[in-house]
Amino acid sequence: PITLEYATNALSSGLLQGYNTMDALASLAFGITVITAVKQLGVTEQKEISLATAKGGSLGILSIGVIYIALILLGSQSVSTYGLAENGGITLTQIAHHYLGVFGDALLATLTTVTCLSTSMGLVIASSQTFHQRFEKISYKQMLALNCLLSFTIANLGLDTIISWSLPVLMFLYPLAITLILLGITSPLFQKNSLVYQTTTLFTLIPALFDFVNALPAGLRQTSFVQSMLRFASRNFPFFELGFGWICFSLLGFFIGIIWYLAHSQKRAQ
């Protein structure tokens, strides 16, 4: 049977599940590494750097889209044989063993190791570069070692535990990341004025905090204080029940920032 969230709100549920991939969050960190790599290839002009990054990004979007569609088909077709698994990792294991037996188990383990290594290496490098720039007293190698140790520790908690505890954080960070990306794309409209960034982010923070609370594990979510917060948000935040209460707030903050920017620009011109 179709689960309730997909029977009534398939699009919004699918987008929220996409938060777990952390693609948008990772792109903010990976962007630094990609641009650095492009520069090391001899590309120096800003326009050429942007074009090369856009070409690589487009190819990546197309490729990962094909992979995700294939995984959706595999997962949906496996339900009739294995039923609904606890998570996608179990489903992949069942499918690989069904078609290829022990060799499928070994192949999946090898592919998972290789792909996770490439992703994890890129992430720890990018995040270590970023934090080293912010906290210069800690060397890049020390930051890298700390990131690897922390990642290794968390990874051993198991997929279900990681998802349950990371979901509130993702629900809080993703609206901020999405608005930051959109602001970066539209920044030529307001000359990259920091005021527009600040007002948009400030307004987005409010519903993002409520989304964080709404995604807490059941034990914490059932407290009276949290329930009163959620009732308030449900009554006053458009699209909150769908997980997108931040959209109207972000747009409001953006337009306030734009108006403020235009007013200051006109005043300076005069």
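Notes on the structure in this doc start here. Model, not experiment: these values are computed from the prediction.

The rules we used
Residues numbered from 1 in each chain as written. Predicted model: local features only at pLDDT ≥ 70, side-chain atom pairs only at ≥ 80, totals over all residues. Heavy atoms only, no water. Helix = DSSP H or I, 4+ residues; strand = E, 2+ residues; numbered from the N terminus. Expected span 1.5 Å × (residues − 1). Bend = angle between axes of the 7 residues up to and from the residue. Buried < 20%, exposed > 50% of the residue type's maximum accessible area, 1.4 Å probe, protein only. Contact = heavy atoms within 4.5 Å. 1 Å grid on protein atoms, 1.4 Å probe; cavity = no way out; pocket = protein on both sides within 12 Å on 5 of 7 lines; lining within 4 Å. Points joined across faces, edges and corners; volume = space filled by probe spheres on them. Nonpolar A, V, L, I, M, F, W, Y, C, P; charged D, E, K, R; others polar. Core = buried A, V, L, I, M, F, W, Y, C linked by side-chain atoms within 4.5 Å.

### Remarks on the environment of Pro 217
Within the secondary structure, Pro 217 is located in the loop between α8 (194-214) and α9 (218-221). The sequence separation of Pro 217 and Pro 168 amounts to 49 residues, and the corresponding C-alpha distance is 8.4 Å.

### Points about helix α3 (residues 23-40)
Along its 18 residues, α3 runs 24 Å from first to last C-alpha, staying within 8% of the 26 Å computed at 1.5 Å per residue. Maximum bend of α3: about 40°, positioned at Ala 29. All of the buried residues in α3 are Ala 24, Ala 26, Ala 29 and Val 38. Looking at the buried positions of α3, the neighbouring elements they touch are α4 (46-82), α5 (88-134) and α7 (159-186). Two residues or fewer after α3 comes Gly 42, characterised by a positive phi angle close to 100°.

### A word on the layout of surface pockets
Here the second largest pocket is characterised by a volume of approximately 210 Å³. Around the second largest pocket sit Thr 179, Leu 182, Leu 183, Thr 186, Thr 200, Trp 246, Ile 247, Ser 250, Leu 251 and Phe 254, which together line it. For the lining of the second largest pocket, the secondary structure elements donating two or more residues are α7 and α11 (246-269). Counting residues per element, the lining of the second largest pocket draws most heavily on α11, at five residues. Considering only residue class, the lining of the second largest pocket consists of six nonpolar, four polar and no charged.

### What to know about the nonpolar core
Among the nonpolar cores identified, the biggest contains 10 residues, and these are Phe 210, Val 213, Leu 216, Val 226, Met 229, Leu 230, Ala 233, Phe 237, Phe 240 and Phe 249. Every element with two or more residues in this core is listed here: α8 and α10 (224-236). The biggest single contributor to this core is α10, with four residues. The contacts of Val 213, once residues within four sequence positions are left out, are Arg 221, Val 226, Met 229 and Leu 230.

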